[in-house]
Amino acid sequence: MGQITLQDVQKSFGPVHIIKGADLEIADGSFVVFVGPSGCGKTTLLRLIAGLEDVSGGKILIDGKNVVDTPPAKRGLSMVFQSYALYPHMSVRGNIGFGLKMAGLSKDETNRKVEAAAATLNLTPYLDRKPRELSGGQRQRVAIGRAIVREPKAFLFDEPLSNLDAALRVQMRIEVTRLQKQLGTTAIYVTHDQVEAMTMADKIVVLNGGKIEQYGSPLELYEKPANLFVAGFIGSPKMNFVTGEHALQKGAATIGVRPEHLKIERDGAGGWQGTIAVAEHLGSDTFLYVDAGPFGMLTARYIGELSLHAGDRVSLVPDPARIHRFDAGGNAIRG
Amino acid sequence: MAAFFPQAEKLGMATRQTQILARSLLMPAVGLLFIWMIVPLALTIYFSTLHYSLLDPGSEEFVGLENFRYFLTDPAFLASLQNTLVLVGSVLALTILLGIPLALLMDQPVIGRNFVRLMVIAPFFVMPTVSALVWKNLLMHPVSGLFAWLAKLVGLTPIDWFTDAPLLAVILIVAWQWLPFATLILLTALQSLDEEQKEAAEMDGASAVSTFIYITLPHLARPITVVILIETIFLLTVFAEIFVTTGGGPGLQTTNIAFLIYSQALIQFDVGSASAGGLVAVVIANIVAFFLVRIVGRNLEA
């Protein structure tokens, strides 16, 4: 079991309010990603759940039990740190087994569990090596091994892939997701990378300035962003926002259209017209950055190759069913 | 390599020229250092083969290894060798065993931490003669010393340190001087310990004691090695503290090798025998260094 509930959790460092009241229900076995820009409080929230920081107010329930006064080790959670935080003088075996040793397990029992965890993570040949003799990806796996060997109620990941190179990151992303599904253990994962968030999560928590902006499945966030912040943060390239008269016509203060929902027309008369400032040809996609005068800079995405170049005039026609409307407070208008 | 970097050959030339320049610029300093060390050593070797007494000038004559035989068979030699080793070992043990808890304390965030650190470092800047005299006359004096006053306060008989426990007294003085050094090195090492490692240990359920034993202490292995190596070099040659407090006595109780050589040369005016002693000291220092590097130097690799 690993059901985690946050009730009005707050954290301040002196006069600075980092977490301004977070409410959250994390179902057992789900993979939840905290995502947001740096300084939004996502790591702090994770550390509050871990117990490495004390809450300033509110409750954290794990399987219905309030744990705010429980020391980290007794909460039944395990954490994978950004720097991996492996013990440099211990072998891989020692690193993975340290928690079990501290829990007073017998040597045989510890060895059996360590070897099982190592087998899951393809670390068996490296059990007697020191962390400094391992590659980045292997160290990462040792850190994960240290987390899974204790059979916790939930895993906490603090930007675990940020120190890996791009190719390895994609590979580890898949491995972590698969491992979590295989074990069926609840996972909370912190990242600033929205691609990681979209690909790994069952549910995403978008944080901004210490507040939860939206909590939902990746596609919910993509299709029905609750406000301007979520709309701008989720999706790559970013959503286009148009304000002013054009938005008012649609009964909103701001309207947003994703680059992939703009139809690109050569010499078209309708839609938003402008001149291409930069055209990026990736083969699989074409990205156009269009200077559309009163509408500002707009980004349009075309799947496949489109033979347009800087200086060409185009007209961008938004898909009417895919226009997001926001009121003056930045909240989405539905219906 | 050259195929990928066509300029590599040119680079090689430039590197070689830089090296030649670097070496020729280093020459004067290295040369001076060489002369500085080689001339005294050569002279010491030369004197060690002479019968050379300052009381009997002009009577120098070659005596071969006679001075070495005299120095090594002197009963004072074994006593002073033992004193040297006891002194070095005790001071090392005291400074490390007290330095670790002190460094741990100073690593805690407290008000006025910078001031506390400055005060703890202070003894290191006091000249050995001065600190030894302060200890002798203000702290350990059996009549007017602070320790005597404290002892009388609780109804004990004051200890006459330099008569009853002279070597211990010298050890305490020297340890007091070297404690800041050990503390400082260990403190900087503690500060470089990764915070996330401690948190990982906390998540793993390690108590404060277990964290110290399994995480902190292994992390300190290398700095402890550095402390042992550097302190040993200096502790083998402790002289001023002995000179101003006990003068090597009572009897030979606080005479170490350095002090024995001094007394040969400037109390008995026997330059030949003192030179031989100096060379013996060099050999002893090298033997100690050899074993030290063997035992603790492994920590410095990797």
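Residues numbered from 1 in each chain as written. Chains lettered and ligands numbered in written order. Predicted model: local features only at pLDDT ≥ 70, side-chain atom pairs only at ≥ 80, totals over all residues.

1. Thoughts on the overall build of chain A
Here comes step 1: Per the secondary structure count, chain A includes 9 helices and 19 strands.
Here comes step 2: In terms of overall dimensions, chain A has a C-alpha envelope of 75 × 45 × 35 Å along the principal axes.
Here comes step 3: Across chain A, the fraction of contacts at a sequence separation of at least 24, relative to all contacts at a separation of at least 6, is 64%. (Helix = DSSP H or I, 4+ residues; strand = E, 2+ residues; numbered from the N terminus. Contact = placed C-beta atoms within 7 Å.)

2. Digging into the nonpolar core
Here comes step 1: Counting residues in each nonpolar core, the largest one holds 96 residues, and the members touching the most others are Val33, Phe34, Ile49, Leu156, Ile188 and Val205 of chain A.
Here comes step 2: There are two domains that each give this core at least three residues, and those are domain 1 (4–231) and domain 2 (238–326) of chain A.
Here comes step 3: In contact with Val33 of chain A, not counting residues within four places along its chain, are Tyr189, Thr191, Ala197, Met200, Ala201, Ile204 and Val205 of chain A.
Here comes step 4: Grouped together as the second largest cluster of nonpolar side chains are 47 residues, Ile100, Ala132, Ala182 and Ala276 of chain B included. (Core = buried A, V, L, I, M, F, W, Y, C linked by C-beta atoms within 7 Å. Buried ≥ 20, exposed ≤ 12 C-beta atoms within 10 Å, placed from the backbone. Domains from an automatic or database assignment.)

3. So, the packing of helix α3 (residues 75–106) of chain B against helix α12 (residues 257–266) of chain B
Residue and element names in this part refer to chain B.
Here comes step 1: α12 packs onto α3 with a crossing angle of 145 degrees between their chain directions and a minimal axis gap of 8 Å. Between α3, through Ala76, Phe77, Ser80, Leu81 and Thr84, and α12, the contact on the second element is made entirely by Ile257, Phe259 and Leu260.
Here comes step 2: Within the contact of α3 with α12, the residues separate by chemical class into 6 nonpolar, 2 polar and no charged. (Axes fitted to C-alpha atoms, helices over the stretch in contact; angles between N-to-C directions. Nonpolar A, V, L, I, M, F, W, Y, C, P; charged D, E, K, R; others polar.)

4. Thoughts on the pairing of strand β9 (residues 203–208) of chain A
Residues and elements named next belong to chain A.
Here comes step 1: Sheet topology note: the strand β3 (residues 31–35)/β9 ladder contains 4 bridges and is parallel. Looking across to β9, one finds that Val32 is bridged to Lys203.
Here comes step 2: The sheet contact formed by β9 and strand β10 (residues 211–216) spans 5 bridges and is antiparallel. Opposite Val206, over in β10, you have Gln214 as the bridge partner.
Here comes step 3: Taking the residues that link successive antiparallel strands as the turn, the β9-β10 hairpin has 2 residues, and the phi of Gly209 there is positive, at about 55 degrees. (Pairing = 2+ DSSP bridges.)

5. Here's the deal with helix α2 (residues 92–102) of chain A
Each full turn of the α-helix corresponds to 3.6 residues, which orients residues three or four apart in the same direction.
All names here are of chain A.
Here comes step 1: Among the 11 residues that make up α2, 8 are buried, leaving the element largely enclosed by the rest of the structure.
Here comes step 2: Turning to α2, its buried residues number three or more, namely Val92, Arg93, Asn95, Ile96, Gly97, Phe98, Gly99 and Leu100.
Here comes step 3: Elements that come into contact with the buried residues of α2 comprise α3 (107–120) and α4 (136–148).
Here comes step 4: Looking one or two residues beyond α2, the residue adopting positive phi is Gly104, at roughly 85 degrees.

6. Considerations on the packing of α3 of chain B against helix α10 (residues 208–235) of chain B
All names here are of chain B.
Here comes step 1: Axis separation between α3 and α10 bottoms out at 10 Å; the angle between their running directions is 145 degrees. The hand of the α3/α10 crossing is right-handed. Contacts between α3 and α10 involve Leu87, Val88, Val91, Leu92, Thr95, Ile96 and Ile100 from the former and Leu220, Ile224, Val227, Ile228, Glu231, Thr232 and Leu235 from the latter.
Here comes step 2: The residue makeup of the contact of α3 with α10, split by class, is 11 nonpolar, 2 polar and 1 charged. (Left-handed = near helix turned anticlockwise from the far one by under 90°.)

7. Side note on the interface of chain B and chain A
Here comes step 1: At the junction of the two partners, chain B supplies 13 residues and chain A supplies 15 residues.
Here comes step 2: Mapped onto the side of chain B that touches chain A, the elements with two or more residues apiece are α9 (195–203) and α10 of chain B.
Here comes step 3: With 6 residues, α9 of chain B is the largest single contributor of residues to the side of chain B that touches chain A.
Here comes step 4: Across the side of chain B that touches chain A, the residue classes break down as 5 nonpolar, 3 polar and 5 charged.

8. What to know about the environment of Ile323 of chain A
Residue and element names in this part refer to chain A.
Here comes step 1: Within the secondary structure, Ile323 sits in the loop between β17 (313–318) and β18 (324–326).
Here comes step 2: Note on Ile323: 16 C-beta atoms within 10 Å, which makes it partly exposed.
Here comes step 3: Separated by 62 residues in sequence, Ile323 and His261 have C-alpha atoms that sit 8.4 Å apart.
Here comes step 4: Beyond its immediate chain neighbours, meaning those up to four positions away, Ile323 contacts Lys250, Ile255, Val257 and Pro318.

9. Considerations on the confidence of the model for chain B
All names here are of chain B.
Here comes step 1: Here chain B averages 84 in pLDDT, while 94% of its residues score no lower than 70.
Here comes step 2: This model gives residues 1–6 a pLDDT under 50, and the stretch forms 3 contacts once residues within four places in sequence are excluded.
Here comes step 3: Model confidence for the complex: the whole-complex pTM is 0.76, and ipTM, which rates the interface, is 0.80. (pLDDT = per-residue confidence, 0-100.)

10. Side note on the pairing of strand β12 (residues 254–257) of chain A
Residues and elements named next belong to chain A.
Here comes step 1: As defined by bridge partners, strand β11 (residues 240–243) adjoins β12 across 4 bridges and the pair is classed as antiparallel. In the sheet register, Thr243 faces β12, and the bridge partner there is Thr254.
Here comes step 2: By the bridge criterion, 3 bridges tie β12 to β18 in an arrangement that is antiparallel. Residue pairing for β18: Thr254 is matched across the bridge by Phe326.

11. A short note on the domain arrangement of chain A
Here comes step 1: Structurally, chain A comprises domain 1 (4–231) and domain 2 (238–326).
Here comes step 2: Here the residues of the side of domain 1 of chain A that touches domain 2 of chain A are counted per class, giving 3 nonpolar, 1 polar and no charged.

12. As for helix α1 (residues 42–50) of chain A
Here comes step 1: Burial runs high along α1 of chain A: 8 of the 9 residues are buried.
Here comes step 2: Buried within α1 of chain A we find Lys42, Thr43, Thr44, Leu45, Leu46, Leu48, Ile49 and Ala50 of chain A.

13. Describing unusual backbone geometry
Glycine aside, negative phi is the norm for most residues, and most peptide bonds take the trans geometry.
All names here are of chain A.
Here comes step 1: In this structure, the amide linkage connecting Ser236 to the following residue, Pro237, adopts the cis form with an omega of -5 degrees.
Here comes step 2: Mapped onto the elements, Pro237 comes out in the loop between α8 (228–233) and β11.
Here comes step 3: Its identity as a non-glycine residue notwithstanding, Asp8 has a phi of 50 degrees, on the positive side.
Here comes step 4: If you trace the backbone, Asp8 turns up in strand β1 (residues 4–13).
Here comes step 5: Even without a glycine there, the phi angle at Glu159 is positive, about 40 degrees.
Here comes step 6: Among the structural elements, Glu159 can be located in the loop between β7 (154–158) and α5 (166–183).
Here comes step 7: Given 20 C-beta atoms within a 10 Å radius, Glu159 is considered buried.

14. Digging into the sheet that holds β12 of chain A
Here comes step 1: Strand order in the open sheet made by the 4 strands is β11-β12-β18-β19 (chain A), with antiparallel pairing throughout. Strands at the two margins of the open sheet, each flanked by one partner only, are β11 and β19 (332–333) of chain A.

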